[in-house]
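# Survey of secondary and tertiary structure
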Amino acid sequence: MAFLKQYISDVYRAVSSLLKGMKTTGSYFVRPKEIITQQYPDNRASMTIPERFRGEVVMTHDENNEHACTGCTACELACPNATIKIVTKFDTTPEGKKKKALDTFVYHLELCTMCNLCVEACPTSAIKMAQSFEHSVYDRSQLLKKLNKPGSKLRAGVE
């Protein structure tokens, strides 16, 4: 008899726990406007991405194909898993001095954890996190990106 009483008690607690868990799901049938699940990819046109979302790292260029990256490698040093590789070169200034400049900004998207440490470390705000999130490719080499555009140069006034 004690066994049957324990069994019924266990079944009652299990059912009440299940009903508590299903309470939120059941409320969506009564109030369907409160559903927050997005039906991707059917809703691409109306989909909203939160402002704080971190996608991939991008380097901003202005209309003159100029950027703010000085090649200081602060972002490369801040990256915890070597996602960024800055290749620099030395340019000669009109005064005859040699100055370090950005040659290539290499970004390995497949290694990136989207931690935002590189953006925070950049002293000139040359890079930012984009809102893009569709990174599926068949060839892994497409995840290796060169962020500075061909022919781009350092924006005047950036040191």
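Residues numbered from 1 in each chain as written. Predicted model: local features only at pLDDT ≥ 70, side-chain atom pairs only at ≥ 80, totals over all residues. Heavy atoms only, no water.

When the parts of a complex come together, some accessible area is lost, and that lost area is often used as the size of the interface. When cut into domains, the protein gives domain 1 (2-34) and domain 2 (50-154). A C-alpha centroid distance of 52 Å is found between domain 1 and domain 2. (Domains from an automatic or database assignment.)

Within the largest apolar cluster, 21 residues are counted, with the highest numbers of intra-cluster contacts made by F105 and I127. For this core, the secondary-structure elements that each account for two or more residues are β1 (57-59), β3 (84-92), β4 (98-108), α4 (117-121) and β5 (127-129). When residues in this core are grouped by element, the largest group, three residues, is from β4. With residues up to four places along the chain from it excluded, the contact list for I127 reads V57, V58, M59, C75, F105, C118, V119 and C122. (Core = buried A, V, L, I, M, F, W, Y, C linked by side-chain atoms within 4.5 Å. Buried < 20%, exposed > 50% of the residue type's maximum accessible area, 1.4 Å probe, protein only. Helix = DSSP H or I, 4+ residues; strand = E, 2+ residues; numbered from the N terminus. Contact = heavy atoms within 4.5 Å.)

Attention now moves to the pairing of β3. Sheet topology note: the β3/β4 ladder contains nine bridges and is antiparallel. Its bridge partner lying in β4, T92 is registered against K98. (Pairing = 2+ DSSP bridges.)

Attention shifts here to the layout of surface pockets. The calculated volume of the largest pocket comes to roughly 300 Å³. Forming the walls of the largest pocket are 22 residues, and the residues nearest its centre are K89, D91, A101, L102 and L154. For the lining of the largest pocket, the secondary structure elements donating two or more residues are β3, β4 and β7 (153-154). When residues in the lining of the largest pocket are grouped by element, the largest group, five residues, is from β4. Split into classes, the residues belonging to the lining of the largest pocket amount to six nonpolar, seven polar and nine charged. (1 Å grid on protein atoms, 1.4 Å probe; cavity = no way out; pocket = protein on both sides within 12 Å on 5 of 7 lines; lining within 4 Å. Points joined across faces, edges and corners; volume = space filled by probe spheres on them. Nonpolar A, V, L, I, M, F, W, Y, C, P; charged D, E, K, R; others polar.)

Attention now goes to the pattern of salt bridges. Per the counting criterion, the structure on display carries six salt bridges. Between K145 and E56 there is a salt bridge; the shortest N-O distance is 3.1 Å. Note that K145 is positioned in strand β6 (residues 144-146) and E56 in the loop between α2 (23-30) and β1, a separation of 89 residues in sequence. Residue classification places E56 among the buried positions, given a relative accessible area of 9%. A salt bridge links K85 to E76, with the shortest nitrogen-to-oxygen separation between them at 3.8 Å. A residue is classified by how much of its surface remains accessible, and K85, at 43% relative accessible area, is partly exposed. (Salt bridge = Lys/Arg side-chain N within 4 Å of Asp/Glu carboxyl O.)

Next up on the list: the packing of aromatic side chains. If you walk through the whole model with that rule in mind, you get two aromatic pairs. Ring plane angle 65 degrees and centroid distance 5.6 Å describe the contact between Y40 and F133, whose orientation is recorded as edge-to-face. Pair noted here: Y40 is in the loop between α2 and β1 and F133 is in the loop between β5 and β6, with a separation of 93 residues, a long-range link. For Y40, a relative accessible area of 37% corresponds to the partly exposed category. Judged by relative accessible area, which is 34%, F133 ranks as partly exposed. Taken together, Y40, F53 and F133 form an aromatic cluster joined through their ring pairs. (Phe/Tyr/Trp six-rings, centres within 6.5 Å; stacked < 30°, edge-to-face > 60°.)

As a C-alpha pair, E56 and D103 span 47 residues in sequence and 21 Å in three-dimensional space. Apart from the residues lying within four places of it in its own chain, the contact partners of E56 are Y107, L109, K128, M129, A130, S132, H135 and K145. At 2.9 Å, the side chain of E56 forms a polar contact with the side chain of S132. (Polar contact = N/O pair within 3.5 Å; in protein donor to acceptor, adjacent residues only side chain to side chain.)

Further remarks concern the sheet that holds β4. Strand order in the open sheet formed by three strands is β3-β4-β6, and the pairing between neighbours is antiparallel. With one partner strand each, in any of the chains shown, β3 and β6 form the two edges of the open sheet. For this sheet, the mean angle separating the axes of adjacent strands, direction not counted, is 25 degrees. (Axes fitted to C-alpha atoms, helices over the stretch in contact; angles between N-to-C directions.)

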